[in-house]
Amino acid sequence: MEIKVTADLLDGLVLALLDKQDYYGYALTQDMQTAISISESTMYPVLRRLQKNNYLTTYDQPYHGRNRRYYQITPEGRTHLERIRKMWGDFKTSLDSVFYKADIVVSHGDLNDAKGNEHG
Amino acid sequence: MDKENYLTELEEYLDALTADEKADVIEFYNEYIDDAGLETTDEIEKRLGTPRQLSRKVLADYSIKVTDIESHRSKKSKASVRSNGKMIWMILLALLASPAAIVLGIVLFAILACVVAVFGACMVAALAVLCTFFILMIASLYVGIVMLFSSFTTGLFYLGCGLMGLGAVLIGFPLLYWIFRAIIQGIANFAKFLYKKIYKNRRQGGNEK
């Protein structure tokens, strides 16, 4: 059983990866798939959406005689990433409070467990 | 090459997109296939799905109803590559244009037929009148000549009538013939014009079908 990752979260995950470094399409898909199981056909629409909203830009670099398109986060993208991080944090906290009936602030250890379960 | 076939087919399913958008999609998956080292169609489809499935996901992002494209897609051959949107629009136009043009054409031709019938009747009537004049003329001339011997003035009178009749006939028949020809020519031109108009619509509509 899998929980469907919403478009917002997909956007956030892509931006979070791009925040660390520029990626080309295939590598970005690979790294995304270490966190969640998404299909390859999902990646292009996400990237196009982010580009349309100016959260990322692209540039081309030659590679072994052919072209490689790289994706790069923009300042607006970083702002949007922060928004999604906050949204996710709030979301996680409220769900955790129901799932685990925790009245206390959860520690980092519990957070990792919760994250692992949700991505099961 | 399997990759080329796959991408060509994918491009067809993406017909509804603009040329730029289409190029971006193809570029992305072209690179992807290369970077992932996918070589056979099987390998590609295992990862990306069939071109149709992949196009759905892409088009969903463009908010295009895939059902509209697919219902039309089944009629087209694989080889042709044309804009679906344009195609659907033109088919619509053709559907709108053809029946209307045919109905309009029938109506116009009916009117034309009536016009021809009316003018035909007029021609016949005019012809009848002229024939009457002709007969009267003959009769008058005959009577006139006969009367010349018995009553000169009466004979002259009838001769006069006959000659008048002759004049009328001599003017009338050619005039009538000229009018007849002119009207026939006019009707023929109008008919040609109608035919061209309707045929033009049908030809355009026919091409799309």
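Reading the values: the criteria
- Residues numbered from 1 in each chain as written.
- Chains lettered and ligands numbered in written order.
- Predicted model: local features only at pLDDT ≥ 70, side-chain atom pairs only at ≥ 80, totals over all residues.
- Heavy atoms only, no water.
- Helix = DSSP H or I, 4+ residues; strand = E, 2+ residues; numbered from the N terminus.
- Buried < 20%, exposed > 50% of the residue type's maximum accessible area, 1.4 Å probe, protein only.
- Areas by Shrake-Rupley, 256 points an atom, 1.4 Å probe, with all protein chains shown as cover.
- UniProt positions renumbered as here; feature names shortened; annotations may be inferred.
- pLDDT = per-residue confidence, 0-100.
- Contact = heavy atoms within 4.5 Å.
- Core = buried A, V, L, I, M, F, W, Y, C linked by side-chain atoms within 4.5 Å.
- Domains from an automatic or database assignment.
- Buried area = accessible area lost by both parts, 1.4 Å probe.
- Salt bridge = Lys/Arg side-chain N within 4 Å of Asp/Glu carboxyl O.
- Polar contact = N/O pair within 3.5 Å; in protein donor to acceptor, adjacent residues only side chain to side chain.
- Nonpolar A, V, L, I, M, F, W, Y, C, P; charged D, E, K, R; others polar.

Re the overall build of chain B
Next up, step 1: Secondary structure summary: chain B contains seven helices and zero strands in total.
Next up, step 2: Secondary structure elements in chain B, listed N-terminal to C-terminal, are α-α-α-α-α-α-α.
Next up, step 3: With 209 residues in all, chain B has 30% of them scored as buried.
Next up, step 4: When the accessible surface of chain B is split by element, carbon and sulfur atoms take 68% of a total near 13,300 Å².

Things to note about the UniProt feature "transmembrane region" (unreviewed entry) in chain B
Residues and elements named next belong to chain B.
Next up, step 1: In the numbering used here, UniProt assigns the "transmembrane region" (unreviewed entry) feature to residues 88-119, 125-149 and 156-173.
Next up, step 2: Taken as a whole, residues 125-149 contains 100% helix and 0% strand, while its terminal C-alpha atoms sit 36 Å from one another.
Next up, step 3: The span residues 156-173 shows a helical share of 100% and a strand share of 0%, and its end C-alpha atoms are spaced 25 Å apart.

Quick word on the confidence of the model for chain B
Residue and element names in this part refer to chain B.
Next up, step 1: Per-residue confidence for chain B gives a mean pLDDT of 76; residues scoring 70 or more make up 68%.
Next up, step 2: Within the model, pLDDT remains below 50 along residues 204-209, and this stretch shows six contacts once partners closer than five positions in the same chain are excluded.
Next up, step 3: Reported for the predicted complex are a pTM of 0.50 and an ipTM of 0.77.

As for the nonpolar core
Next up, step 1: Val14 of chain A together with Tyr29 of chain B are the most contacted members of the largest nonpolar core, which has 45 residues in total.
Next up, step 2: When we break this core down by domain, the ones giving at least three residues each are domain 1 (1-48) and domain 2 (49-208) of chain B.
Next up, step 3: If near-sequence neighbours (up to four positions away) are discounted, Val14 of chain A is found in contact with Leu28, Met32, Met43, Val46, Leu47 and Leu50 of chain A.

Looking at the interface of chain A and chain B
Next up, step 1: On the chain B side, the residues contacting the 19 residues of chain A number 18 residues.
Next up, step 2: For the pair chain A and chain B, the summed buried area comes to about 1,800 Å², and 49% of that belongs to carbon and sulfur atoms.
Next up, step 3: Taken together, the links from chain A to chain B amount to six salt bridges.
Next up, step 4: A salt bridge links Arg66 of chain A to Asp34 of chain B; its shortest N-O distance comes to 3.8 Å.
Next up, step 5: For the interface between chain A and chain B, the tally reads nine residue pairs in polar contact (both at pLDDT 80 or more).
Next up, step 6: Put simply, the parts of the chain that give the side of chain A that touches chain B at least two residues each are helix H2 (25-35), helix H3 (40-52) and strand S3 (66-73) of chain A.
Next up, step 7: Grouping the constituent residues of the side of chain A that touches chain B by class yields seven nonpolar, six polar and six charged.

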